[in-house]
Amino acid sequence: MRYNIIAAKTFGSLTANQFETTRFLTGGQGSCLVVYVLKGIGQDRTAAMAHILSANLVATNTDKQVSEEKKNGNVIKVTTVTTQVRKSVDAATCQKRLGNFWTDYLAGVDKGNVTFIIGKEPEPSTWMALEAIQQAMKDNPGDFNPEIKSIEPEYAVTAPGGEVVTEGVPSWRNAQRTLLKKTDSADEKDKIIKAMNSGLPGEELILNDNVFSGMTSVEIPPND
């Protein structure tokens, strides 16, 4: 079995002729949101998957509340309380940060062709990111499927079914070691490590092929 490796803040795709031989593989961030989508019919089908760093779809606003304490009609004390309020980004921001994953796969697709996979250790930002994407897709046809909860932080996803597989799946560390052996470039090794550990800088999703071309289809040896 070959694997299309989807690190944090990246997305990738598989065509129908790869469905029997290749799965998506993701991991590294237990609180992130993974989005799987299937488009097309028959041999024209394409499956795509993105690993969303939830914080990129969350906005933090500052809320200030001012209160006055008076005595004999005169203000003797002013108290300002500042709080940070977190919420999902608006639809336009969400679509922009999803980049070409939005343009090529989510825009206009039937909601029933999309599967949301919740990480093993979700945080409030995970659900905010989910809300942001679903709001961005609110005008798409169809109805959303129930979310899938992964029991492991590292897992494979089948195409075209979008099922989560944890049994016999290569570890994320093993996948990283395999990729690092495929290049002698220090810059490429650095990008692989950063992408698979915490995600490369920036708020917009990038194609995994632009991180390292070997990520799109790699055979990974059994775990040690």
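Described below are features of the structure shown in this document.

Here is what the cut-offs are and how they apply
- Residues numbered from 1 in each chain as written.
- Predicted model: local features only at pLDDT ≥ 70, side-chain atom pairs only at ≥ 80, totals over all residues.
- Heavy atoms only, no water.
- Helix = DSSP H or I, 4+ residues; strand = E, 2+ residues; numbered from the N terminus.
- Buried < 20%, exposed > 50% of the residue type's maximum accessible area, 1.4 Å probe, protein only.
- Contact = heavy atoms within 4.5 Å.
- Areas by Shrake-Rupley, 256 points an atom, 1.4 Å probe, with all protein chains shown as cover.
- Lys, Arg positive; Asp, Glu negative; His and termini not counted.
- Charge placed at Lys NZ, Arg CZ, Asp CG, Glu CD.
- Salt bridge = Lys/Arg side-chain N within 4 Å of Asp/Glu carboxyl O.
- Pairing = 2+ DSSP bridges.
- Axes fitted to C-alpha atoms, helices over the stretch in contact; angles between N-to-C directions.

1. Things to note about the overall build of the chain
For step 1, the next point in the chain: Across its full length, the chain carries four helices and 13 strands.
For step 2, the next point in the chain: With the C-alpha coordinates aligned to their principal axes, the bounding extent of the chain is approximately 80 × 45 × 30 Å.
For step 3, the next point in the chain: Out of the 224 residues belonging to the chain, those deemed buried represent 45%.
For step 4, the next point in the chain: For the chain, the share of sequence-separated contacts (at least 6 apart) that also reach a separation of at least 24 residues comes to 68%.
For step 5, the next point in the chain: For the chain, the exposed area adds up to about 11600 Å²; of that, 46% sits on carbon and sulfur atoms.
For step 6, the next point in the chain: When the 24 positive and 27 negative side-chain charges of the chain are each reduced to one mean point, those points stand 6 Å apart.

2. A word on the environment of Val169
For step 1, the next point in the chain: With respect to the secondary-structure elements, Val169 resides in the loop between β11 (164-165) and α3 (172-180).
For step 2, the next point in the chain: Assessed through its relative accessible area of 10%, Val169 is described here as buried.
For step 3, the next point in the chain: Linking Val169 and Cys94, residues 75 residues apart in sequence, is a C-alpha distance of 31 Å.

3. A closer look at the pattern of salt bridges
Any two side chains of opposite charge can pair, given that their charged atoms come close.
For step 1, the next point in the chain: Here the structure, examined in full by the defined rule, presents four salt bridges.
For step 2, the next point in the chain: Linking Arg2 and Glu219 is a salt bridge whose minimum nitrogen-to-oxygen distance equals 3.6 Å. Remark: Glu219 occurs in strand β13 (residues 218-219) and Arg2 occurs in strand β1 (residues 2-6); sequence separation between them is 217 residues.
For step 3, the next point in the chain: For Arg2, a relative accessible area of 32% gives the class partly exposed.
For step 4, the next point in the chain: Between Glu203 and Arg97 there is a salt bridge; the shortest N-O distance is 3.4 Å.

4. What about the sheet that holds strand β12 (residues 206-207)?
Note on sheets: strands pair through backbone hydrogen bonds, and any given pair is parallel or antiparallel.
For step 1, the next point in the chain: Read across the open sheet, the six strands follow the order β9-β8-β4-β5-β2-β12; overall the sheet is mixed. Two strands in the sheet have a free side with no partner beyond their single neighbour: β9 (148-149) and β12.
For step 2, the next point in the chain: Sheet topology places strand β4 (residues 33-39) next to strand β5 (residues 46-52); seven bridges connect them, and they run antiparallel. The residue of β5 that forms the bridge with Leu38 is Ala47.
For step 3, the next point in the chain: Against the sheet, helix α1 (residues 91-106) engages β2 (10-15), β4, β5 and β8 (114-118), with an angle of about 30 degrees to β4.

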